[in-house]
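Structural features, examined
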Amino acid sequence: MTHDRFLALLDIYGADLGRWPEAERAAARALAAQGSPELRQQMAEAALLDGLLDGHTVARPSEALIQQAIAVAASPRERSRRNWLWPSVGLAGIALAGSLTGVMAVSVALRGTAGPVAGDWPEHGTAFSSTPAELREE
Amino acid sequence: MVTRKLPRLLSLAVRLLGRRSEAEEVAQEALLRVWKQAASWQPGQARFDTWLHRVALNLCYDRLRGRRDDEPYEDDVHGAADPAPAPDERLQAAQRGERVAAALAALPARQREALVLQYYQELSNSEAAMLMGVSVEALESLLSRARRTLRAQLVAEGKEKP
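Please read these numbers as outputs of a predicted model, since none were measured by experiment. (Residues numbered from 1 in each chain as written. Chains lettered and ligands numbered in written order. Predicted model: local features only at pLDDT ≥ 70, side-chain atom pairs only at ≥ 80, totals over all residues.)

With respect to the overall build of chain B
Along chain B, the regular secondary structure elements total seven helices and zero strands. Taken from the N to the C terminus, the helices and strands of chain B come in the order α-α-α-α-α-α-α. Classification of the 162 residues of chain B by burial places 38% in the buried group. In chain B, of all internal contacts separated by at least 6 residues, the share reaching a separation of at least 24 is 65%. (Helix = DSSP H or I, 4+ residues; strand = E, 2+ residues; numbered from the N terminus. Buried ≥ 20, exposed ≤ 12 C-beta atoms within 10 Å, placed from the backbone. Contact = placed C-beta atoms within 7 Å.)

Below, the structure is given as structure tokens:
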């Protein structure tokens, strides 16, 4: 890898070589290890920008939002009968969502006892009955 | 699946749409559509995660197309904020995050999209390029321009406001 190629990739992907295209990483690490002062300075500047970008975080979804998503997924027909905007869902809707969530949670928990890997898609049943095997790998 | 994918979809939508409430709707809708269409997914064509991003991106595009020009891009990007007074360090971190969010929002849409997909969503360059319908070279050009703009703006600001 040439010096110029390294700087071009640094400009594109930032200072974390783990984010670079896999085919370029080994050569980039070898060049970085040589410790050229210019490369070090450019990498430090790229790392500064990376650090700033990392400061832009997104708060995780609230538990209420997660439960809402599970409930809606468990009952798509229910979703179509009501307004999608969940802040407008009334107390009855929340109660229904809670019930569906409970049913789904129990279903997943029972299935999890038989599954080899936590977090895998269920093998059969519930809302995922038509899920292809490849989906479960993700 | 929801607990693993919803945060990822929400991050994508928040950074592209700039509005937390709208992003939450998009993230939920994307999950629902994926469930509905699971049987028709073609496993040989893309990773599931890439497919999920495709669905969410289309929903984001729809939202962005439907916006009026005079609507503000950003509101409450960080979502549920801690109502308690933040210590100085947290306050400064929040301010830095807001500066980045504003700089991101000011980028041309395609540059923002490239950066969000490749950097924040940590998709490979080929996945991000495929989702955007461009070549890897075009994606790299977008990324390079985005980072230069952000560096000029944010690093300069950082030096002015230590």
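Having seen the structure, we can now continue with the description.
Here's the deal with the overall build of chain A
Counting secondary structure elements, chain A contains seven helices and zero strands. Listed by position from the N terminus, the elements making up chain A come as α-α-α-α-α-α-α. Residue burial in chain A is summarised as follows: out of 138 residues, 20% are buried.

Quick notes on the domain arrangement of chain B
By domain assignment, chain B separates into domain 1 (1–81) and domain 2 (86–162). Here the side of domain 1 of chain B that touches domain 2 of chain B is composed, by residue class, of five nonpolar, five polar and three charged. (Domains from an automatic or database assignment. Nonpolar A, V, L, I, M, F, W, Y, C, P; charged D, E, K, R; others polar.)

Some remarks on the packing of helix α1 (residues 3–13) of chain A against helix α3 (residues 37–54) of chain A
Residues and elements named next belong to chain A. Relative to each other, α1 and α3 sit at 10°, their axes nearing to 10 Å. With respect to their mutual orientation, α1 and α3 come out roughly parallel. Contacts between α1 and α3 pair Phe 6, Leu 7 and Leu 10 from the former with Leu 39, Gln 42, Met 43 and Ala 46 from the latter. A breakdown of the residues in the contact of α1 with α3 according to their chemical character gives six nonpolar, one polar and no charged. (Axes fitted to C-alpha atoms, helices over the stretch in contact; angles between N-to-C directions. Parallel < 35°, antiparallel > 145°, perpendicular 65-115°, else oblique.)

As for the packing of helix α5 (residues 109–120) of chain B against helix α6 (residues 125–132) of chain B
Residues and elements named next belong to chain B. Relative orientation of the contacting elements α5 and α6 amounts to 140°, with a least axis distance of 9 Å. Every pair of crossing elements has a handedness; the one defined by α5 and α6 is right-handed. Each of Glu 113, Ala 114, Leu 117 and Gln 118 in α5 lies in contact with α6, whose residues at this interface are Asn 125, Ala 128, Leu 131 and Met 132. Tallied by class, residues from the contact of α5 with α6 come to five nonpolar, two polar and one charged. (Left-handed = near helix turned anticlockwise from the far one by under 90°.)

Digging into the nonpolar core
In terms of nonpolar packing, the biggest core is built from 64 residues, with B:Leu9, B:Ala13, B:Val26, B:Ala27, B:Ala30, B:Leu31 and B:Ala56 touching the most fellow members. In this view, B:Ala13 contacts B:Ala23, B:Val26, B:Ala27, B:Ala56 and B:Cys60; residues no more than four positions away in its chain are not counted. (Core = buried A, V, L, I, M, F, W, Y, C linked by C-beta atoms within 7 Å.)

Here we look at the confidence of the model for chain A
Residues and elements named next belong to chain A. On average, chain A scores 69 in pLDDT, and the residues at 70 or more come to 54%. Looking over chain A, one finds the lowest element-wise mean pLDDT in helix α7 (residues 133–137), namely 39, and the highest in α1, namely 96. Every residue in residues 82–100 scores below 50 in pLDDT, and together they form 15 contacts with partners more than four places removed in sequence or on other chains. Predicted confidence for residues 102–138 stays below pLDDT 50, and this span has 37 contacts to residues more than four positions away or in other chains. (pLDDT = per-residue confidence, 0-100.)

Notes on α6(B)
Residues and elements named next belong to chain B. Of all eight residues in α6, six are buried, a share of seventy percent or more. Residues Asn 125, Glu 127, Ala 128, Ala 129, Met 130 and Leu 131 constitute the buried set of α6. Gly 133 sits one or two residues past α6 and shows a positive phi near 70°.

Thoughts on the environment of A:Leu10
Residue and element names in this part refer to chain A. Note that Leu 10 resides in helix α1. Residue Leu 10 is classed as buried on the basis of its C-beta count, with 22 C-beta atoms lying within 10 Å. A sequence separation of 36 residues divides Leu 10 from Ala 46, and the C-alpha atoms of the two residues are 7.0 Å apart.

Considering unusual backbone geometry
All names here are of chain B. Phi is positive for Glu 122, which is not a glycine, with a value near 55°. Structurally, Glu 122 can be placed in the loop between α5 and α6. For Glu 122, a count of 13 C-beta atoms within 10 Å puts it in the partly exposed group.

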